[in-house]
Amino acid sequence: MTAPRVAVTGASGFCGSAVARAAATAGADVICLGRRPGPVGEHRFWDATRAAPDLTGVDVVLHLAAAVGDPPPGQSAVFHAVNVDGTARLLTAAGDRPLVWVSSASVYTPGAGPLREDQPLGGLTAYGKTKAAGEELAREAGAVILRPRAVYGDGDPHLLPRLRRAVRGGRVLLPGPDVQLSLTAVENLADACLAAAGLPVEEPTGEGPTGAQLTDEKPTSARSTSAGSTSARPAGGWPAGGWPAGAYNIADAAPYSRDAVVAAVCGVPVRHVPIPAARAVAAVGTAVSRLTRRSPALSRYALEQLTVPVVLDITRARAQDWVPQRTFADYLAGRSGSIR
């Protein structure tokens, strides 16, 4: 049986590297597309802002390359070049190959209650707006679209490191009040990418790390995919079919208290500041960053992640037999003694 050749774009990044490793563990022949090599497999150089990728011999495409966060001062066009134009180049090269396009919950306009996939799109930041535009192209091409929110885990270069740097005087100041937030463990996202593409997902051992619970819900059943587990691969080869085309929210099993997460990560109490004051600080920081060419301590992207109560309804992904296995407590337990 021939293993599938799986192309992972953005495989040198935080999410892409986790997906590339998961695909390799599942037995796939991994091709990492990007400007830098990924953690496993073959590397093919691809600059999403300039040309179409080389997909020669590729069976399945997992697209995670993206410009994330806030645009560098004076470089907003980079986000469009990567997240929109880069998507168009990739879709042209992919043709009719199965494609999983990793989007973001930042594409949503704010709304009350758990957000379903039919929530209007728009985005509040340059990142969210360009991801929404790129997603429309992917939808027209018949891709499976995954919308995680605030992906975390070892190697996270964005949200959690910024939170740790925000500790001042033995406390963390956050725009109040506390809100409920969906978060996505990078392992859960990697599992969803493989499952959506019809690739096998490793069965949980039931011996994962434990830790202080920040949510009341834990996974209640073993994960599975349409392609089966690594111990029961389909006789006809991979991929054996994936999820139907369309959008799927991807998040941990239950939302979290923002304040509880931040206090656990930073190891200090949380104190609230008025949201208007935080917005003013972010605006000043952005203005200063244009002069200094340095990223602001509090950006519009970070402010959105911390203040907008985004809770995702993951019913549609669960209907495909996907079960999020990891929790934030698992992450904390794995980092015990190293959180600073």
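Each remark here, short or long, concerns the structure printed above.
First, a word on scope: everything that follows refers to the structure included in this document. In every chain, residue numbers begin from 1 and rise along the written sequence. The predicted nature of this model means local features are confined to residues of pLDDT at least 70 and side-chain atom pairs, given and counted, to a pLDDT of 80 or more, with totals for whole chains, interfaces and linings taken over all residues. The side-chain numbers reported here are obtained from all heavy atoms of the structure, hydrogens and water having been left aside.

Details of the overall build of the chain
Numbering of helices and strands starts at the N terminus; helices are DSSP runs of H or I of at least 4 residues and strands are runs of E of at least 2. Along the chain, the regular secondary structure elements total 10 helices and 14 strands. Under the scheme applied here, a residue whose accessible area is under 20% of the maximum for its type counts as buried, over 50% as exposed, and between as partly exposed, the area being computed with a 1.4 Å probe on protein chains only. Classification of the 340 residues of the chain by burial places 51% in the buried group. Counting contacts in the chain only where the partners sit at least 6 residues apart, residues at least 24 apart contribute 78% of the total. Surface exposure here means Shrake-Rupley accessible area, sampled with a 1.4 Å probe, where a residue is shielded only by the protein chains that are shown. Element-wise, carbon and sulfur atoms account for 53% of the exposed surface of the chain, whose accessible area totals about 14,700 Å². Contacts are assigned to residue pairs with any non-hydrogen atoms lying within 4.5 Å of each other.

Brief notes about the sheet that holds strand β3 (residues 42-45)
In spatial order, the strands read β3-β2-β1-β4-β5-β6-β12; together these seven strands make up an open sheet with parallel pairing. At either end of the open sheet lies a strand with only one pairing partner, and these are β3 and β12 (246-250). With direction set aside, neighbouring strand axes in the sheet form an average angle of 20°. Pairing analysis gives four bridges linking strand β2 (residues 29-34) to β3, with the strands arranged parallel. Of the residues in β3, the one forming a bridge with Gly34 is Phe45. Whether two strands pair depends on DSSP finding at least two bridges between them. For every element, the axis is a line fit to its C-alpha atoms; helices are fit only across the contacting stretch, and the angle between N-to-C directions ranges from 0 to 180 degrees.

A short note on the nonpolar core
Residues enter a nonpolar core if they are buried and are Ala, Val, Leu, Ile, Met, Phe, Trp, Tyr or Cys, with the set joined through side-chain atoms within 4.5 Å. In terms of nonpolar packing, the biggest core is built from 46 residues, with Val8, Leu62, Leu146, Leu194 and Trp243 touching the most fellow members. When contributions to this core are tallied by element, the ones reaching two or more residues are β1 (5-9), α1 (14-25), β2, β4 (60-63), β5 (99-102), β6 (144-148), α5 (186-196) and β12. In terms of residues, this core owes the most to one element, α5, which gives eight residues. Leu194 has contacts with Val19, Ala22, Ala23, Ala26, Leu62, Leu199, Pro200 and Val201, leaving out every residue within four places of it along the chain. Ala48, Ala67, Leu90 and Ala138 belong to the second largest nonpolar core, which has 22 residues in total.

Re the packing of aromatic side chains
Under the pairing criterion, centres of Phe, Tyr and Trp rings, with the six-membered ring standing for Trp, must be within 6.5 Å; the plane angle then separates stacked pairs below 30 degrees from edge-to-face pairs above 60, leaving the rest tilted. Going through the model one piece at a time under the given rule, you end up with five aromatic pairs. Relative to Tyr331, the ring of Tyr152 lies with its centre 5.6 Å away and its plane at 75°, an arrangement referred to as edge-to-face. With Tyr152 in strand β7 (residues 151-152) and Tyr331 in helix α10 (residues 328-334), this residue pair connects regions lying 179 residues apart in the sequence. With a relative accessible area of 2%, Tyr152 lands in the buried category. Classification of Tyr331 as buried rests on a relative accessible area of 6%.

Thoughts on the pattern of salt bridges
We define a salt bridge as a side-chain nitrogen of Lys or Arg found within 4 Å of a carboxyl oxygen belonging to Asp or Glu. The tally for this structure, following the rule as stated, stands at 10 salt bridges. The partner of Asp54 in a salt bridge is Arg44, and the shortest N-O contact between them spans 3.7 Å. Linking Asp54 in the loop between β3 and β4 with Arg44 in strand β3, this pair joins segments that are 10 residues apart in sequence. Residue Asp54 is classed as partly exposed on the basis of its relative accessible area of 39%. For Arg44, a relative accessible area of 10% gives the class buried. A salt bridge links Glu135 to Arg139, with the shortest nitrogen-to-oxygen separation between them at 3.7 Å.

Concerning the sheet that holds strand β8 (residues 167-168)
Strand pairing in a sheet takes place through backbone hydrogen bonds and is either antiparallel or parallel in direction. Pairing is mixed across the open sheet formed by three strands, whose spatial order is β8-β9-β14. At either end of the open sheet lies a strand with only one pairing partner, and these are β8 and β14 (270-273). One ladder, built from two bridges, connects β8 with strand β9 (residues 171-175); its direction is antiparallel. Looking at β9, one finds that Arg168 is bridged to Arg171.

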